[in-house]
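# Structural overview
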Amino acid sequence: MATKVLGIEIGERLIKVCETVMGPGARRVSGCAMFQTPPDAVVDGEIRDPEAVAAALSENLTRYSLKNKKVIFTIASGRIAIREVTIPPVKDNKIKSIVEANASDYFPVDMSKYHITYTLQERKMTGDDAGCRLLVMAAPLSILEGYFRLANMAGLSIQALDYCGNSQFRLLETLHAEGVTMYIDVSGAYTITTVVKKNKLLMQRTFPSGVDDYVLAYMGGTNKGEGDYLTTLRELSGELFKPDFDDDTLASEINDYLSRLVGNITRLADYFNSSNWETPIEELVLTGVGAPLAGLRDAVAESTGHTVTVMQKLDKVSAPASMAGALMQYISCIGAAVAPVDFIPEQFSKTKKKDASKNPESLSLGVTLLVAFTAAAIVLSGVTILGYIAAQAEKKSLEKKISDLSSVETIHDNYVAYNKYKSDLTALETQIASPNDQLLEFINELELKMPSEITILSATCTKDGISMNITVSSKIAAAKTIQQLRAFKTIAGVTVGQMSETNDVTGATMVTFTVSCQYAELEQTAATPSPSTQPANETVSPSPGDGSTDPVSPSPGTSPDSTPTSGITPTGGTTPTGGTTPTGGTTPTGGTTPTGGTTPTGGTTPTGGTTPTGGTTPTGGATPAQ
């Protein structure tokens, strides 16, 4: 026959009791009760005044005809630390020792003051993700010991101590929800959210915000006393209740408490969905004493955008008709009897051994067994000693091998350090790379390939390219300049701005335009050698008639090393060595020949003008002095 127990949850303001059967299987409830906790007797799960709580328990258990003395306490406290860990795939009897050995790594606290336990969530023995997924919990001994003092004063026998979150999951998993469902148990001081799919726990979080602040603010605004808490909670949970506050400050304060509770629920729902976008939450279900609170369901639905319902009954739990509608407020109490965690400290877990009856026959049998076991122990000891000697010899052999290979560790460490530094340098090189690194190569190409007659009035450099304001003698020269720019290896694209044509004071034509050049991608750009690295006699042959230097066929009467006579040196640039006088540069009639210019066809040197030394003899013109 199944053992009946009382599942008891003691909160800061309410104590809930439910009589049910212990162990797995169908849930049956035969009685339940809810009453107020004595003031200041319980703080964050710790029983500060066990005498007052024991008196309240004894009085109300008698009042509600709950005579069972076997109890399971389920504890709700923010001081219980919880962590999800994964260990290697081992059998059940090995898990506890692994958890206890690594407890200080899981929880950086003084473990001598805590009791640690765990629940197995999932086990995979094979595959890349093989392992045991555990929910490890650590509770302060000061909290656990308080429940034993309470039980002793109230004349109760503790069968187990459970964690409230585990109690709720053990009951909710029996509901076998097909989709991903978030159950939200709203109590006085805490709210526990449990995300479940079928019988698998996906996420569980507890936050210190419930309906206490809301209820207490309402009680203060309506002049109700401390003993009216439970009555007020039921009043606020009425279906037809619509709060109407004369005090705007009080109304604002109550709305702030409700908004804080809803905000915490929304953040947890959003967090789960962002981490599990393939299987998001499909429905939210409110449970607990605060679930029917007026306006809560609508506020959560509006904030989360999900379907929100208030649990009306527990399908897998049988109970008298008078209790069925209230069972959703006792989920922790009912679930505590299913599969409680081991939160009983060692000093309270010892059981009395029964005295075996003594008679001559049993004594004789005992002596015989003693002799047999002694002989077997001697044999096993001999085998063990031999095994120990062999193990010691093997240990010494392995230690010698380790000593011989000690230098390998240094080599390995150096190798790992080298790879780390190499990776860091590679990452640094990638981060500091910029297309503007090609500016120097672009300038080198500009000096080598551009006609000498262009003038660069200004240039603006960015990390992606360069914009220039250029002046040439004609639109034909402008077109050829743009054509040359588009042939640059360092340039991926050329955009030409507005072009204007004007005459200078001498009447000569000037064409001015802007051009924006975009650097080519670094990995696609071949490095252009600088002038200092060009091989001897290597030159660039421009397109015929583009006005640039022709190192192969200098004009008659010119020196290969002369300065171009009609070209204009770009601002800040240098005059290429070995260039020749471009064809077609003339001085306007009646003008003065600029330095390096030529005399117009059939003209003579104007008064005051000079013929440049080393220039060419214009057709029909006077021969310059050599």
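Check the entry above for the structure.
Now for a look at the structure at hand. (Residues numbered from 1 in each chain as written. Predicted model: local features only at pLDDT ≥ 70, side-chain atom pairs only at ≥ 80, totals over all residues. Heavy atoms only, no water.)

## A word on the sheet that holds strand β7 (residues 81-87)
Spatially, 3 strands are ordered β7-β9-β8 in an open sheet, and the strand pairing comes out antiparallel. Of all the strands in the sheet, the pair left with one neighbour each is β7 and β8 (114-124). Each neighbouring strand pair of the sheet contributes to a mean axis angle of 20°, computed without reference to strand direction. (Pairing = 2+ DSSP bridges. Helix = DSSP H or I, 4+ residues; strand = E, 2+ residues; numbered from the N terminus. Axes fitted to C-alpha atoms, helices over the stretch in contact; angles between N-to-C directions.)

## Some details on the nonpolar core
Core analysis: the biggest nonpolar cluster contains 59 residues, and Met-182, Leu-296 and Ile-334 have the highest contact counts within it. No other element matches helix α8 (residues 248-275), which puts 8 residues into this core. Filtering out sequence-adjacent residues up to four positions away, Met-182 remains in contact with Thr-193, Thr-194, Val-195, Met-203, Leu-268, Ala-269, Ile-281, Glu-283, Leu-284 and Val-285. Counting 36 residues, the second largest nonpolar core, distinct from the first, contains Ile-47, Val-53, Leu-61 and Ile-80. (Core = buried A, V, L, I, M, F, W, Y, C linked by side-chain atoms within 4.5 Å. Buried < 20%, exposed > 50% of the residue type's maximum accessible area, 1.4 Å probe, protein only. Contact = heavy atoms within 4.5 Å.)

## Structural notes on the packing of helix α1 (residues 50-63) against helix α4 (residues 141-154)
Here α1 crosses α4 at 50°, and the two axes come no closer than 9 Å. The pairing of α1 with α4 is recorded here as oblique in orientation. When the axes of α1 and α4 are compared, the crossing they make is right-handed. Counted together, Pro-50, Glu-51, Val-53, Ala-54, Leu-57 and Ser-58 of α1 and Leu-150, Met-153 and Ala-154 of α4 form the full contact between these two elements. For the contact of α1 with α4, a count of residues per class yields 7 nonpolar, 1 polar and 1 charged. (Parallel < 35°, antiparallel > 145°, perpendicular 65-115°, else oblique. Left-handed = near helix turned anticlockwise from the far one by under 90°. Nonpolar A, V, L, I, M, F, W, Y, C, P; charged D, E, K, R; others polar.)

## Some thoughts on the environment of Glu-122
Of note, Glu-122 is situated in strand β8. Placed 79 residues apart in sequence, Glu-122 and Leu-201 show a C-alpha to C-alpha distance of 9.4 Å. Not counting chain neighbours up to four residues away, the residues in contact with Glu-122 comprise Gly-131, Cys-132, Arg-133 and Lys-200.

## Describing the pairing of strand β19 (residues 491-503)
Where β19 lies against strand β20 (residues 509-519), 10 bridges are found, and the strand directions are antiparallel. Residue Thr-495 lies in a different strand from β20, and its bridge partner there is Ser-516. Counting the residues in the hairpin turn of β19 and β20 gives 5 residues, including Gly-507, whose phi is positive at 95°.

## Examining a nonpolar patch on the surface
There is a patch of nonpolar side chains on the surface, built from Ile-385, Leu-386, Tyr-388 and Ile-389 and spanning about 460 Å² of accessible area. Looking at the secondary structure, you find Ile-389 in helix α12 (residues 360-404). (Patch = residues over 30% accessible without salt bridge, like charges linked within 9 Å, V, L, I, M, F, W, Y side chains within 5 Å. Areas by Shrake-Rupley, 256 points an atom, 1.4 Å probe, with all protein chains shown as cover. Salt bridge = Lys/Arg side-chain N within 4 Å of Asp/Glu carboxyl O.)

## What to know about the packing of helix α6 (residues 212-221) against helix α7 (residues 229-236)
Two quantities define a packed helix pair, namely the angle between the helix axes and the distance between the axes. As a packed pair, α6 and α7 sit with axes 10 Å apart at the nearest point and diverge in direction by 100°. Taken as axis vectors, α6 and α7 run roughly perpendicular relative to one another. Packed against α6, whose contacting residues are Asp-212, Tyr-214, Val-215, Leu-216, Tyr-218 and Met-219, the element α7 presents Tyr-229, Thr-232, Leu-233, Glu-235 and Leu-236 at the interface. Broken down by class, the residue content of the contact of α6 with α7 amounts to 8 nonpolar, 1 polar and 2 charged.

## So, helix α14 (residues 439-449)
Turning to α14, its buried residues number three or more, namely Glu-441, Phe-442, Asn-444, Glu-445, Leu-446 and Lys-449. Contacts made by the buried residues of α14 are with β17 (455-461), β18 (465-472), α15 (475-486) and β19.

## Section: the sheet that holds strand β13 (residues 200-207)
Read across the sheet, 5 strands follow the order β13-β12-β11-β14-β15 without closing on themselves; strand pairing throughout is mixed. Of all the strands in the sheet, the pair left with one neighbour each is β13 and β15 (307-310). Neighbour-to-neighbour, the strand axes of the sheet open up by a mean angle of 20°, direction not taken into account. Pairing geometry for strand β12 (residues 191-198) and β13, over 7 bridges, is antiparallel. Residue Ile-192 lies in a different strand from β13, and its bridge partner there is Thr-206. Against the sheet, helix α9 (residues 296-304) contacts β11 (177-186), β14 (283-287) and β15, and its axis sits at roughly 160° relative to β15.

## Focus on the environment of Cys-164
By the secondary structure assignment, Cys-164 is in helix α5 (residues 164-172). In this structure Cys-164 comes out as buried when scored by relative accessible area, which is 1%. The spacing of Cys-164 and Ala-336 is 172 residues in sequence and 7.6 Å in space, taken between C-alpha atoms.

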